[in-house]
Amino acid sequence: LQGIFVLGLPYALLHSGYSGLLLIVLAAALCCYTGKILIACLYEENEDGQLIRVRDTYEDIANACCKKRSPSLGGVVVNVTQVVELIMTCILYLVASGNLLSHSFPYVPVTEKTWSVIAFVTLLPCIFIRTLKIVSKLSQLCSLVHFVIIFVVITYCLTQMHQWSWAKFRLSLEFEDFLVSVGVIIFSYTSQIFLPALEGNMKNPGEFRCMLNWTHFFACILKTTFALTAFLTWGEKTKEVITDNLPSFLETLVNLCLLTKALLSYPLPFFAATEIVYSCVSKDTHSNYRSPLLALTVRGSFLLLTLLMAMFTPHFALLMGLSGSVTGAAMTFLLPSFFHLKLKWKKLSFLDKCADISVFILGFLCSLAGIVCSIKGLLEVFG
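Residues numbered from 1 in each chain as written. Predicted model: local features only at pLDDT ≥ 70, side-chain atom pairs only at ≥ 80, totals over all residues. Heavy atoms only, no water.

For the protein, the name recorded in an unreviewed UniProt entry is Vesicular inhibitory amino acid transporter, with Setophaga kirtlandii as its organism. As its UniProt record puts it under Sequence similarities (unreviewed entry), the protein is described as follows: "Belongs to the amino acid/polyamine transporter 2 family." (UniProt positions renumbered as here; feature names shortened; annotations may be inferred.)

Here it is as structure tokens:
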């Protein structure tokens, strides 16, 4: 629920002012809500009125919604969207790793792309990841590193309390800058792609809703505290990645922690993407897709693909913004609300229907705005 996007939250406050604080809370509530309705789509009531899990994946939900017209079309669309977003996320971690290494060791005569290759070498063991348990342990370490980063930044900011001033908040907003802030805040919470698998692997799935409430609540508190203290410390001088504002001795330490976090974050989207491909291969060939040779081939191909795109794709950040505006908004807002309306329409109250429709419209507007801004940025770059 945290992610590298959190480091951009103070910068988002710079461009959104007081409304940014409200957006952090609203985004937590909306993402928590769409997570719940997505999981609700996995269940149906039996004859006794008990909820039974009849679907396992995001793909199954999509196929259930499209079964009358095309039984597999919805699943194909969802799988392609998921794989694109997951691959782009993996590439982003590689690009970030190269950037962090080059900033941490500026006197080493090595290019940023070469640093990305060095980071890639450390990720080669991902080929041998076969279960979610290994990924969960790595993600746990990632969370610990993340808390270290947040602790260091907040501690430094608290030592600068004497220069804090609420006058630093902006009252007038530029529309495009505000849209950038909305994107950063919303996508710092997204986790819907992983929720069906997470809920299915819980020892007590009945605690899922409670878990989602508490995790989003604490994430909201942490993000609000982090963004507010950092922005009050640097004000108009707040940079896109807040660690660039730190003194040099702290910046190097935090950059190395961020590098560790990026490398530990890579296995989760990588594992999720390969699992989706495995499922598709299994259905298409009706063969034992878990064969060791095929597993190594698929994982190795994914690893190589992320490296090549990180090395040779120009203006990757803008392309990431474009794809993220489409896939991120779709997986987080559009599809969960649409699927919930489609599968549960007869059982939803009027207020539930209004909530789902409102989330769908909001997701559409966020996606459209992000696409327009990203395309505008690409056009400016290419002249």
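*Asks:* With reference to specific residues and values, describe the overall build of the protein.
*Replies:* Counting its regular elements, the protein contains 14 helices and 2 strands. Computed over the C-alpha atoms, the radius of gyration of the protein is 21 Å, within 12% of the 21 Å expected from 2.2 N^0.38 for a compact globule of 383 residues. Considered along the principal axes of its C-alpha atoms, the protein spans approximately 65 × 50 × 45 Å. Across the 383 residues of the protein, 47% fall into the buried class. Within the protein, contacts between residues at least 6 apart in sequence are counted, and of these 78% link residues at least 24 apart. By element, 69% of the accessible surface of the protein is carried by carbon and sulfur atoms, the whole surface being about 19,400 Å². Once the 27 positive and 23 negative side-chain charges of the protein are each reduced to a mean point, those two points are 4 Å apart. (Helix = DSSP H or I, 4+ residues; strand = E, 2+ residues; numbered from the N terminus. Rg over C-alpha atoms; globule rule 2.2 N^0.38 Å. Buried < 20%, exposed > 50% of the residue type's maximum accessible area, 1.4 Å probe, protein only. Contact = heavy atoms within 4.5 Å. Areas by Shrake-Rupley, 256 points an atom, 1.4 Å probe, with all protein chains shown as cover. Lys, Arg positive; Asp, Glu negative; His and termini not counted. Charge placed at Lys NZ, Arg CZ, Asp CG, Glu CD.)

*Asks:* I'd like a rundown of the pattern of salt bridges, residues and numbers included.
*Replies:* Pairs can form between side chains of opposite charge whenever their charged atoms are close. The full count for this structure, using the stated rule, is 5 salt bridges. We note a salt bridge from Arg 55 to Glu 44, for which the minimum N-O separation is 3.0 Å. On the criterion of sequence distance, the pair formed by Arg 55 in the loop between β2 (51-53) and α3 (58-66) and Glu 44 in strand β1 (residues 43-45) is long-range, its members being 11 residues apart. Here Arg 53 and Asp 56 are joined by a salt bridge, their closest N and O atoms 3.0 Å apart. Through salt bridges with shared partners, one network takes in Glu 44, Arg 55 and Lys 344. (Salt bridge = Lys/Arg side-chain N within 4 Å of Asp/Glu carboxyl O.)

*Asks:* So what's going on with the packing of aromatic side chains? Residues and values would help.
*Replies:* Counting across every chain of the model gives 8 aromatic pairs. Judged by centre distance (6.2 Å) and plane angle (75°), the ring pair of Tyr 58 and Phe 339 falls under edge-to-face. Residue Tyr 58 is located in helix α3, and its partner Phe 339 is located in helix α13 (residues 316-344); the two are separated by 281 residues in the primary sequence. For the pair formed by Tyr 58 and Phe 339, the shared burial category is buried. Centre to centre, the rings of Phe 217 and Phe 218 are 5.4 Å apart; their planes meet at 70°, and the pair counts as edge-to-face. Phe 217 gets classed as partly exposed once you look at its relative accessible area, which sits at 44%. Three or more aromatic residues link up through ring pairs in this structure, and these residues are Tyr 58, Phe 338 and Phe 339. Its guanidinium or amino end placed over the ring of Trp 345, Lys 353 lies 4.0 Å from that ring's centre, counting from NZ or CZ. (Phe/Tyr/Trp six-rings, centres within 6.5 Å; stacked < 30°, edge-to-face > 60°. Lys NZ or Arg CZ within 6 Å of the ring centre and 35° of its normal.)

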